[in-house]
Amino acid sequence: MHEVTYLQAIYEAQREEMRRDPRVFIMGEDVVLNMFGTTAGFVEEFGEERVRDTPISEAGFTGVGVGSALVGMRPVVDYSIASFMYVAMDQLISMAAKCTYMYGGQAKVPIVFRAGMFYGGSNAAQHSDRPHPMFMNIPGFKIIMPSTPYDVKGLLKSAIRDDDPVICFEDDTLWFSKGSIPDEEYTIPLGKAEIKREGKDVTVVGIAGGVTLALAAADELANAGISIEVIDPRTLVPLDKNLILQSVSKTGRLVVVDPAHKTCSAASEISAIVAEESFWNLKAPIQRVATADVQIPFSPALEPLLYPSKEKIVAAVQKTLE
Amino acid sequence: MTLTNEQMIEIYRRMLRIRRFDEKVIELVANGDLPGAAHLSIGEEAEIVGACMAINPDDYEVGNHRSHGHPIGKGAELKPLMAELLGRKTGVNHGKGGSMHLADFSVGSVGESSIVGSGLPVAAGAALGAKMMRNGRLCLCFFGDGASNQGTFHEALNIAAIWKLPIIYLCENNGYAATTSARYSVAVKDIADRAKAYDIPGVVVDGQDPIAVFDVVSEAANRARSGLGPTLVEAKTYRYREHAEGALFAAMAETGYRSKEEYEHWRQRDPIVLFRDKLIAMGVMTEAQLEQMDHEVQEEVLAAEAFAKESPYPEPHEAFEGLYSTPISV
């Protein structure tokens, strides 16, 4: 085992997959000089052909990635920051997500889109987005939301080997978090949730950075004698709803923590699934802890007020116990 | 580049296949047999086939919403295409794509997109794939005058230029984006001039002359395969039908957005008629041989129609299948 940060785990996943498969290549803005720390030394090892700086042309290079995938390459497209995906929405939605189905299975689109969720750092409305829910509403994507270095490495490797478009949302509140990962190679299959902490009183499903907050809340609640089970779906599409339903059938109470805006969030979807399929197991109304439905303000005095926090999770849990 | 007689005969045959295929589509739409939108290439056959014949059978090709002709130009079988237009299980896309989203990977047609301009970056990607895999292929990307006003046109040409991708961008300038004139909506007289912004060759060619298009695209193909990068070719052409089939669009003809004089001018330059006359004048084919070929092509189209109509629709469960290459449980 060795200890790495979340970003170092991404670096390891990409390096291992590029060594394993010559069809894998990386493209995006400023990947050659490794601005975000996930491509250090890549040009030296893999050459400029497989480590491509792109012009600031998100629609252009997204389509280029899709086209190269259609003919047999396996691109990893790095957007740096998730808001930049909006510039490429037509290529993402009308091409990447639809080609396989629309062309009747003649086309595989093995492509990974990496997007940092760059919130909480006074980057204001246009640079702080957490847009995973809108992509859940588009059939054709797979979506991974890793919350630990171990998970991001294993899931990203699986994503690169997957034959479909996979979006990897990388929560920046986790970028410098540390964890131990095996020295040997491993992968984590898409669609397998994980119990991050076992408990019996309330199920808290955390998404991305929401997992860390949920674990902190669980520690605090444990002091009050309340036992929290923390579930990390790890992938939103496919979603391992069975593990969530099993946990709720045990605890009868559900809180979902999602850094996305509350309306139509992943938390909303998970809440709806549980309400639809496990209503009679519930002992209290489901609680969503998500970001307020307003734009992200610049001032550090305002921004943190909007996001999920340990305190909000504790309050939501207590509400399910009233 | 000198074309052999066999090549010229094949060009004419493919042009006829597009013409007769799309004429059949008119009938099928009118009879209510063909669901959805249908945008026809009648009038534009010469540039399609001239370009497709100038590249190799295994080269990639990307089309758009007006794109029945592109896979046909590339050599596709008519039966699976017609079955696709009728939404049948035997369609080339198994009934999932329809008229605006054909793909026939067996002839290098790696897809069409009905969002105007969206195919240009994807085509650059196919060219990048060819370059990185060193498979010697290039990509031919068809798009219209309207698409040249999209940001993706400019982004894709810039990327193709800086990476010297093996690609030919072929603008089928038929003068109109639906009813909006290119004279109004395009800032330059010749779309080929936009190549200057990307330091690549931009060539205007008569889109009603398949040999002229063949020559220009052959040179662009040589350039692409030599590692010199993309070429922008603008074929001046015209569509004889309205933007799409159906009463809604037929009514547009009455608005006078295209003048009678202009329409008649281009009608006199019917690429099928012009090339037929040329083949006779050059002694490549006789009238009798041309008629025989037309008969054969008509038979082929009738067979495609019969095949499509006799084919079953997809089973209901197929609506839920094929979303992913690696399926997930939903």
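Just so you know, these numbers come straight off a predicted model, no measurement behind them.

A. Fine view of the overall build of chain A. The number of helices and strands found in chain A is 12 helices and 14 strands. For 322 residues, the compact-globule estimate of 2.2 N^0.38 gives 20 Å, and the C-alpha radius of gyration of chain A, at 19 Å, lies within 12% of that figure. Taken along the three principal axes of its C-alpha coordinates, chain A extends 60 × 40 × 40 Å. Taking as baseline every contact in chain A between residues at least 6 positions apart, the subset at least 24 positions apart corresponds to 80%.

B. How the structure looks around the overall build of chain B. Scanning chain B from terminus to terminus reveals 12 helices and eight strands. For chain B, the spread of C-alpha atoms along the three principal axes comes to 60 × 50 × 45 Å. Evaluated residue by residue, chain B yields a buried proportion of 54% over its 330 residues. Sequence-distant contacts in chain B: of pairs separated by 6 or more residues, those separated by 24 or more amount to 76%.

C. Region of interest: the sheet that holds strand β2 (residues 24-28) of chain A. Residues and elements named next belong to chain A. Across the sheet, seven strands lie side by side as β3-β2-β4-β5-β7-β6-β12; this open sheet has mixed pairing. Two strands close off the open sheet at either side, each with one partner strand: β3 (51-53) and β12 (235-237). Going across the sheet, the axis of each strand differs from the next one's by a mean of 20 degrees, ignoring polarity. Here four bridges tie strand β4 (residues 74-81) to strand β5 (residues 112-117), and the two strands are oriented parallel to one another. Looking at β5, one finds that Val76 is bridged to Val112.

D. Geometry of the nonpolar core. Residue and element names in this part refer to chain B. Among the nonpolar cores identified, the biggest contains 199 residues, and Cys141, Ile167 and Ile168 are the most heavily contacted of them. Take this core: its biggest share by element is 10 residues, from helix α1 (residues 5-30). Residues contacting Ile167, with those up to four places away along its chain left out, are Ala123, Ala124, Ala127, Leu138, Cys139, Cys141, Ala160, Ala224 and Pro230.

E. Fine view of the interface of chain B and chain A. On the chain A side, the residues contacting the 38 residues of chain B number 39 residues. Secondary structure elements with two or more residues in the side of chain B that touches chain A: β2 (109-112), α5 (119-133) and α6 (151-162) of chain B. With 11 residues, the single largest contributor to the side of chain B that touches chain A is α5(B). Residues that form the side of chain B that touches chain A fall into these classes: 20 nonpolar, 16 polar and two charged.

F. Representation of the domain arrangement of chain A. Residue and element names in this part refer to chain A. Partitioning chain A into domains gives domain 1 (2-181) and domain 2 (194-320). Using only C-alpha atoms to locate each centre, domain 1 and domain 2 end up separated by 26 Å. Contacts between the two partners involve 24 residues from domain 1, matched on the other side by 26 residues from domain 2. Of the residues belonging to the side of domain 1 that touches domain 2, the class tally is 14 nonpolar, six polar and four charged.

G. Region of the structure containing helix α12 (residues 287-310) of chain B. In this model α12(B) runs 34 Å from its N-terminal to its C-terminal C-alpha over 24 residues, within 8% of the 34 Å that 1.5 Å per residue would give. Residues of α12(B) that are buried sit in contact with α1 and α4 (78-85) of chain B.

H. Structural detail: α5(B). Taking 1.5 Å as the rise per residue, α5(B) with 15 residues should run 21 Å; its terminal C-alpha atoms sit 21 Å apart, in good agreement. Where α5(B) ends, the next residue or the one after it, Arg134(B), has phi of about 50 degrees, a positive value.

I. Geometry of the sheet that holds strand β9 (residues 194-197) of chain A. All names here are of chain A. Read across the open sheet, the five strands follow the order β9-β11-β10-β13-β14; overall the sheet is mixed. The open sheet has two edge strands with one neighbour each: β9 and β14 (287-291). Averaged over all neighbouring strand pairs, the angle between strand axes comes to 25 degrees, with direction disregarded. Strand direction decides the pairing type here: strand β10 (residues 202-206) and strand β13 (residues 254-261), joined by four bridges, are parallel. Bridge pairing links Val205 to Val256 in β13.

J. Region of the structure containing the pairing of strand β7 (residues 202-206) of chain B. Residues and elements named next belong to chain B. In the sheet, β7 pairs with strand β8 (residues 231-236) via five bridges, with the strands oriented parallel. Counterpart to Val205 in the pairing with β8 is Ala235. Handedness of the crossover joining β7 and β8 through helix α8 (residues 210-225): right-handed.

K. Just the pairing of strand β3 (residues 139-144) of chain B, in detail. All names here are of chain B. Along β3, six of the six residues are buried, which leaves the element largely enclosed by surrounding structure. Neither face of β3 is left uncovered, since the one carrying Cys139, Cys141 and Phe143 and the one carrying Leu140, Phe142 and Gly144 both have all their residues buried. Across three bridges, the pairing between strand β1 (residues 60-63) and β3 is parallel. Its bridge partner being in β3, Tyr60 is matched across the sheet by Cys139. Here β3 runs beside strand β4 (residues 167-173); their pairing, made up of six bridges, is parallel. Across the sheet, residue Phe143 finds its bridge partner in β4, namely Cys171.

L. A look at the environment of Ala9(A). Residues and elements named next belong to chain A. Along the chain, Ala9 turns up in helix α1 (residues 6-20). According to the C-beta neighbour criterion, Ala9 is buried, with 25 such atoms within 10 Å. Put simply, Ala9 and Gly179 are 170 residues apart on the chain and 9.2 Å apart in space, counted from C-alpha to C-alpha. Ignoring sequence-local partners within four residues, the contact set of Ala9 consists of Val4, Pro149, Val152, Lys153 and Ile181.

M. Representation of the environment of Thr152(B) within the structure. Its place among the elements puts Thr152(B) in helix α6. Using a count of 26 C-beta atoms within 10 Å as the deciding quantity, one classes Thr152(B) as buried. For the pair Thr152(B) and Glu305(B), spaced 153 residues apart in sequence, the C-alpha separation works out to 36 Å. When sequence neighbours within four positions are dropped, the list of residues in contact with Thr152(B) reads Ala59(A), Gly60(A), Gly63(A), Gly117(B), Ser118(B), Leu120(B) and Pro121(B).

N. Unusual backbone geometry, seen in detail. Look at the link from Val237(A) to Pro238(A): it is a cis peptide, with omega at -5 degrees. Positive phi is not limited to glycine here, since Arg234(A) has a value of about 65 degrees. On the secondary structure map, Arg234(A) appears in the loop between β11 (228-232) and β12. Residue classification places Arg234(A) among the buried residues on the basis of 28 C-beta atoms within 10 Å. A positive phi is found at Ala178(B), a non-glycine position, where the angle reads about 55 degrees.

Cut-offs and rules
- Counting of residues starts from 1 at the beginning of each chain's written sequence and follows it residue by residue.
- Both sets of labels track the order of writing: A upward for chains, 1 upward for ligands.
- Whole-chain, interface and lining totals are the exception, using all residues; otherwise, since this is a predicted model, local features are given only for residues with pLDDT of at least 70 and side-chain atom pairs are given and counted only at 80 or more.
- Counting from the N terminus, the helices are DSSP H or I runs at least four residues long and the strands are E runs at least two residues long.
- Values of the radius of gyration come from C-alpha atoms, whereas the globule rule sets the reference at 2.2 Å times the count of residues to the power 0.38.
- In this description, a residue-residue contact is defined by the distance between C-beta atoms placed from the backbone, which must lie within 7 Å.
- Residues are called buried when their C-beta atom has 20 or more other C-beta atoms within 10 Å, exposed when it has 12 or fewer, and partly exposed otherwise; all C-beta atoms are positioned from the backbone.
- Strand pairing is assigned whenever DSSP identifies at least 2 bridges connecting the two strands.
- Axis lines are fitted through C-alpha atoms, for helices just across the contact stretch, and the angle between N-to-C directions can take any value from 0 to 180 degrees.
- Put simply, a nonpolar core is buried Ala, Val, Leu, Ile, Met, Phe, Trp, Tyr and Cys residues tied into one set by C-beta atoms within 7 Å.
- Polar here means any residue other than Ala, Val, Leu, Ile, Met, Phe, Trp, Tyr, Cys and Pro, which are nonpolar, and Asp, Glu, Lys and Arg, which are charged; Gly is therefore polar.
- Bear in mind that the domain bounds are from an automatic or database domain assignment.
- Helices are assigned an expected span. That span is 1.5 Å times one less than the residue count.
- Looking down the strands as they point away from the viewer, one classifies a crossover as right-handed if the path from the first strand across the helix to the second runs clockwise.

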